[in-house]
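Next come the chains, spelled out residue by residue.
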Amino acid sequence: MFLSLSVAACGDGGPSTGQCTGRIGTTPVDGPIDSEASQIHRIRKTSCATVDTAIFELSSGGGAMKIRGVGPWSNVGGMVAYTTATYPLPPTSESTILRSWELLSPTSRPSFSSGTITLHSVPPRQQGSFQMRFDDGSAVDCSFDLRRGETEGEDIDCGDGGDFDD
């Protein structure tokens, strides 16, 4: 088992995988996540006073549900480094991992009631699950293992010891 984990950690490991069940209002989102549209990618900082940004994108149900989350990028690749933690949805001021969480589709939906996201980073991939609940009683539960997408932007030398994950 140790050998297979080591081999998987050496590269991206292939397309994103995962599964969603439930509905948002009357929109079903059951099925596998979209293996190409679902990913985590990095946007490099534009000044030494900022940090790199992680963009979490997930699509399921043939595009019936699209999610976008934003958080700080960890130097080992992803939103969190080698830890498992659960955060509230929508993000609160106490959350330093997830800055924003957007439900991009369906555009016609009930009000968001509550949710959580559990993140576990196994660089270069982002793994975890999330649950969302809506005021009409509908709910979605998803698990994911996201591939790492392309990094956007140029590296800025801030004299901080370099970039460890590229």
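Rules behind the numbers
- Residues numbered from 1 in each chain as written.
- Predicted model: local features only at pLDDT ≥ 70, side-chain atom pairs only at ≥ 80, totals over all residues.
- Heavy atoms only, no water.
- Helix = DSSP H or I, 4+ residues; strand = E, 2+ residues; numbered from the N terminus.
- Buried < 20%, exposed > 50% of the residue type's maximum accessible area, 1.4 Å probe, protein only.
- Polar contact = N/O pair within 3.5 Å; in protein donor to acceptor, adjacent residues only side chain to side chain.
- Contact = heavy atoms within 4.5 Å.
- Disulfide = S-S within 2.5 Å.
- Phe/Tyr/Trp six-rings, centres within 6.5 Å; stacked < 30°, edge-to-face > 60°.
- Core = buried A, V, L, I, M, F, W, Y, C linked by side-chain atoms within 4.5 Å.

### With respect to the side chain of His 41
Link 1 in the chain: Turning to its location among the elements, His 41 is positioned in strand 4 (residues 39-43).
Link 2 in the chain: For His 41, a relative accessible area of 6% gives the class buried.
Link 3 in the chain: Side chain to side chain, His 41 and Glu 152 meet in a polar contact 3.1 Å long.
Link 4 in the chain: Not counting residues up to four positions away in its chain, the partners in contact with His 41 are Thr 53, Ala 54, Ile 55, Glu 57, Trp 73, Gly 149, Glu 150 and Glu 152.

### Description of the environment of Arg 148
Link 1 in the chain: Along the polypeptide, Arg 148 turns up in strand 11 (residues 139-148).
Link 2 in the chain: For the pair formed by Arg 148 and Gln 126, sequence separation is 22 residues and the distance between their alpha carbons is 7.6 Å.

### Topic: the state of the cysteines
Link 1 in the chain: Taken as a whole and assessed by the stated rule, the structure comprises two disulfides.
Link 2 in the chain: The residue that forms a disulfide with Cys 20 is Cys 142, at a sulfur-sulfur distance of 2.0 Å. The chirality of the disulfide connecting Cys 20 with Cys 142 is right-handed, given an S-S dihedral of about 120°. Of the two residues, Cys 20 is situated in strand 1 (residues 17-24) and Cys 142 in strand 11; the sequence distance between them amounts to 122 residues.
Link 3 in the chain: Here Cys 20 falls in the buried class, since its relative accessible area comes to 0%.
Link 4 in the chain: On the basis of relative accessibility, which here comes to 3%, the residue Cys 142 falls in the buried class.
Link 5 in the chain: Across the disulfide from Cys 48 sits Cys 158; the S-S distance is 2.0 Å. Judged by the torsion about the S-S bond (-90°), the Cys 48/Cys 158 disulfide is left-handed. Remark: Cys 158 occurs in the segment after strand 11 and Cys 48 occurs in the loop between strand 4 and strand 5 (53-60); sequence separation between them is 110 residues.
Link 6 in the chain: Numbered in order of appearance, the disulfide-bonded cysteines of the protein are paired 1-3, 2-4.

### A short note on the packing of aromatic side chains
Link 1 in the chain: For the coordinates displayed, the defined rule picks out five aromatic pairs.
Link 2 in the chain: Where Phe 56 meets Trp 101, the ring centres are 5.5 Å apart and the plane angle is 35°; that geometry is what we call tilted. Within this pair, whereas Phe 56 is found in strand 5, its partner Trp 101 is found in strand 8 (residues 100-105), the two being separated by 45 residues in sequence.
Link 3 in the chain: On the accessibility criterion, Phe 56 (0% relative accessible area) is buried.
Link 4 in the chain: The interplanar angle of 40° and the centroid separation of 6.2 Å between the aromatic rings of Phe 130 and Phe 144 together place this pair among those described as tilted.

### Section: the nonpolar core
Looking at soluble globular proteins, one finds that nonpolar side chains tend to be buried together.
Link 1 in the chain: Among the nonpolar cores identified, the biggest contains 28 residues, and Phe 56, Leu 58, Met 65, Ile 117, Phe 130 and Met 132 are the most heavily contacted of them.
Link 2 in the chain: A total of four residues in this core trace back to one element, the largest contributor, which is strand 11.
Link 3 in the chain: What Met 132 contacts, discounting residues up to four positions off in sequence, is Ile 24, Met 65, Ile 67, Leu 89, Trp 101, Leu 103, Phe 112, Ser 114, Gly 115, Ser 138, Ala 139 and Val 140.

### As for unusual backbone geometry
Link 1 in the chain: For the peptide bond that leads from Leu 89 to Pro 90, omega is -5°, which places it in the cis range.
Link 2 in the chain: Secondary-structure assignment places Pro 90 in the loop between strand 7 (84-89) and strand 8.
Link 3 in the chain: Residue Ser 105 is joined to Pro 106 through a cis peptide bond whose omega torsion reads 10°.

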